[in-house]
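Fold and geometry: a report
Chain residues, written in single-letter form:
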Amino acid sequence: EGFTRELPVNASVLSGAMRRKFPSWKITETPFARFSDMLREAARQGLVKVDKDKNDVLVSWVKYKYVVLPPRSRSRGCERRVDDRGRRRRGDRDDRRPRSVSRRHG
């Protein structure tokens, strides 16, 4: 196993990877209120380095050796546009499901 991109990695990307790899794992079953709290404790113990960028928590260094996995192949037409931290770029709506139209009842 490894990271799907080079560091820095957004904490939400790591949290999602944890949920996929260990479906029964829940942050609420740990002593931490949020995943970022757990990362900050890991940083305090020297396991990772955590940085902040605006409202994002980023992991910029890890103590142990890791590999960057090659990109997974996607079906044609399912290419997602993401920024350098792996998040969907704003304004890229062409690959999302159509929005449902809400109607007011009254």
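Refer to the structure presented above.
The sections below set out a description of the structure shown in this document.

Each value, and the rule that gives it
- Every chain's residues receive numbers from 1 upward, in the order its sequence appears when written.
- Only residues with pLDDT of 70 or above have their local features reported here, since the model is predicted, and side-chain atom pairs are shown and tallied only from 80 upward, although totals for entire chains, interfaces and linings are computed over all residues.
- Only hydrogens and water are removed before side-chain values are computed, so all heavy atoms of the structure are retained for them.
- Here, a strand pair is defined by DSSP locating no fewer than two bridges between the strands.
- Each helix is a run of H or I in the DSSP string that is no shorter than four residues. Each strand is a run of E no shorter than two, and both are numbered from the N terminus.
- Each Phe, Tyr or Trp ring (for Trp, its six-membered ring) is paired with any other whose centre lies within 6.5 Å, and the angle between the two planes then decides the class: stacked below 30 degrees, edge-to-face above 60, tilted in between.
- Working definition: with a 1.4 Å probe on protein chains only, accessible area under 20% of the residue-type maximum means buried, over 50% means exposed, and in between means partly exposed.
- Salt bridge, as used here: a side-chain nitrogen of Lys or Arg that lies within 4 Å of a carboxyl oxygen of Asp or Glu.

Quick word on the sheet that holds strand S1 (residues 9-10)
- Read across the sheet, three strands follow the order S1-S3-S2 without closing on themselves; strand pairing throughout is antiparallel. The two strands at the open ends of the sheet, each matched to only one other strand, are S1 and strand S2 (48-53).
- As judged from the two bridges shared by S1 and strand S3 (residues 56-62), these two strands associate in the antiparallel manner. Across the sheet, residue Val9 finds its bridge partner in S3, namely Val59.

As for the packing of aromatic side chains
- Applying the stated criterion to the full structure yields one aromatic pair.
- Here Trp25 and Phe35 contribute two aromatic rings whose centre-to-centre distance is 6.1 Å and whose plane-to-plane angle is 90 degrees, an arrangement assigned as edge-to-face. Taken together, the positions of Trp25 in the loop between helix H1 (11-21) and helix H2 (35-44) and Phe35 in helix H2 put the pair ten residues apart, joining distant regions of the chain.
- When its relative accessible area of 22% is taken as the criterion, Trp25 is described as partly exposed.
- Look at Phe35 and you get buried, because its relative accessible area is 11%.

Thoughts on the pattern of salt bridges
- What the rule picks out here adds up to three salt bridges.
- A salt bridge links Asp37 to Arg40, with the nearest nitrogen and oxygen atoms 3.8 Å apart. One end of the pair, Asp37, and the other, Arg40, are both in helix H2, three residues apart, so they sit about a helical turn from each other.
- We classify Arg40 as partly exposed; its relative accessible area is 38%.
- A single network of salt bridges, built from pairs that share partners, joins Arg34, Asp37 and Arg40.

The values are spatial; any link to function lies outside them.
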